[in-house]
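Here are the chains, one letter per residue:
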Amino acid sequence: TSLNSFKPQSTDKNGQVKWLTSSLAPTKTYSVVLTFAGNNNYLEKTGKANVKVIKATPKITAKAKSFKKSVKTKKYAVTLNVNQKVKVAIKVNKKTYYAYTTTKGKATFKITKLTKKGKYTATVSFAGNKYYNKAKSVKVKITVK
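This report concerns the structure included in the present document. One numbering rule holds for all chains: residues counted from 1, following each sequence as written. Side-chain atom pairs in this predicted model are given and counted only at pLDDT of 80 or more, local residue features only at pLDDT of at least 70, and totals for whole chains, interfaces and linings cover all residues. The basis for the side-chain values is all heavy atoms of the structure; hydrogens and waters are excluded.

Structural notes on the pairing of strand S5 (residues 45-52)
Two faces, one strand: in a regular strand the side chains alternate between the faces of the sheet.
No. 1: Three exposure classes are used, based on accessible area relative to the maximum for each residue type with a 1.4 Å probe and protein chains only: buried under 20%, partly exposed in between, and exposed over 50%. Secondary structure elements follow DSSP: runs of H or I no shorter than four residues count as helices, runs of E no shorter than two count as strands, and numbering proceeds from the N terminus. Taking burial as the measure, the eight residues of S5 include zero buried ones, a minor fraction of the element.
No. 2: Pairing of strand S4 (residues 29-36) with S5 involves eight bridges; the strand directions are antiparallel. What sits directly across from Val33, in S5, is Lys48. Following DSSP output, two strands are said to pair if at least two bridges run between them.

This is how it looks when you write it as structure tokens:
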């Protein structure tokens, strides 16, 4: 069994085949040929199917955070459920900062322009790319003490 020459990643307890599709271009349709070689209980069988890969819509996870005023570079981390490096933005106090996620979806921003005490509303966003749809923006509170 293969999907564009990709071998299946696993077969679950119900016999369903699973592929990791992160390297396949979305919005394309791929032809699949499924072959079962047969065994003592079942005959050999081959089938064909078309599989359309669609873009995923990731979710941003961000929490409120407090920083001391004395810290010059405030590091703020968020998570986006993606499995590749993507560019994420955070806008705080009229300034936008960018960071790239790790392959596990964690992005760490280095915020340098928050030098005054106060409570700020930050907006975390992901604009999307060829593999992912735009994520719903998340607003969080950042406090500088």
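Back to the write-up after that little detour.
Some details on the nonpolar core
No. 1: Residues grouped as a nonpolar core are buried Ala, Val, Leu, Ile, Met, Phe, Trp, Tyr and Cys residues, joined through side-chain atoms within 4.5 Å. Residues Tyr76, Ile90, Phe109 and Ile111 are the most contacted members of the largest nonpolar core, which totals 27 residues.
No. 2: For this core, the secondary-structure elements that each account for two or more residues are strand S8 (74-80), strand S9 (87-92), strand S10 (95-100), strand S11 (106-111), strand S12 (118-125) and strand S13 (138-144).
No. 3: Broken down by element, this core gets its largest block of residues, four residues, from S13.
No. 4: Filtering out sequence-adjacent residues up to four positions away, Phe109 remains in contact with Lys74, Lys75, Tyr76, Val78, Val88, Ala89, Ile90, Tyr97, Tyr98 and Ala99. We call two residues contacting when some pair of their heavy atoms lies within 4.5 Å.

Focus on the side chain of Thr101
No. 1: With respect to the helices and strands, the residue Thr101 is situated in the loop between S10 and S11.
No. 2: Whenever a nitrogen or oxygen atom comes within 3.5 Å of another N or O atom, the pair is scored as a polar contact, on the condition that within protein one atom can donate a hydrogen and the other can accept it, and that pairs from neighbouring residues in sequence are kept only if both atoms are in side chains. A polar side-chain atom of Thr101 sits 2.9 Å from the main-chain carbonyl oxygen of Gln84.
No. 3: Setting aside chain neighbours within four positions, we find Thr101 in contact with Leu80, Val82, Gln84, Lys85, Val86, Val88, Lys106 and Ala107.

Details of the sheet that holds strand S6 (residues 60-61)
In a beta sheet, neighbouring strands are held together by backbone hydrogen bonds and run either parallel or antiparallel to one another.
No. 1: Strand order in the open sheet formed by three strands is S6-S8-S11, and the pairing between neighbours is antiparallel. Two strands bound the open sheet, and with one partner strand each, they are S6 and S11.
No. 2: Where S8 meets S11, six bridges bridge the pair, whose relative direction is antiparallel. Along S11, the bridge assignment pairs Thr79 with Lys106.

Side note on unusual backbone geometry
No. 1: In the Ramachandran plot, Thr27 falls in the positive-phi region, its phi being about 65° despite a non-glycine side chain.
No. 2: Its place among the elements puts Thr27 in the loop between strand S3 (17-18) and S4.
No. 3: Overall, the relative accessible area of 58% leaves Thr27 in the exposed class.
No. 4: Positive phi is not limited to glycine here, since Lys94 has a value of about 65°.
No. 5: The residue Lys94 is located in the loop between S9 and S10 in this model.
No. 6: Relative accessible area serves as the criterion here: at 81%, Lys94 is assigned to the exposed category.

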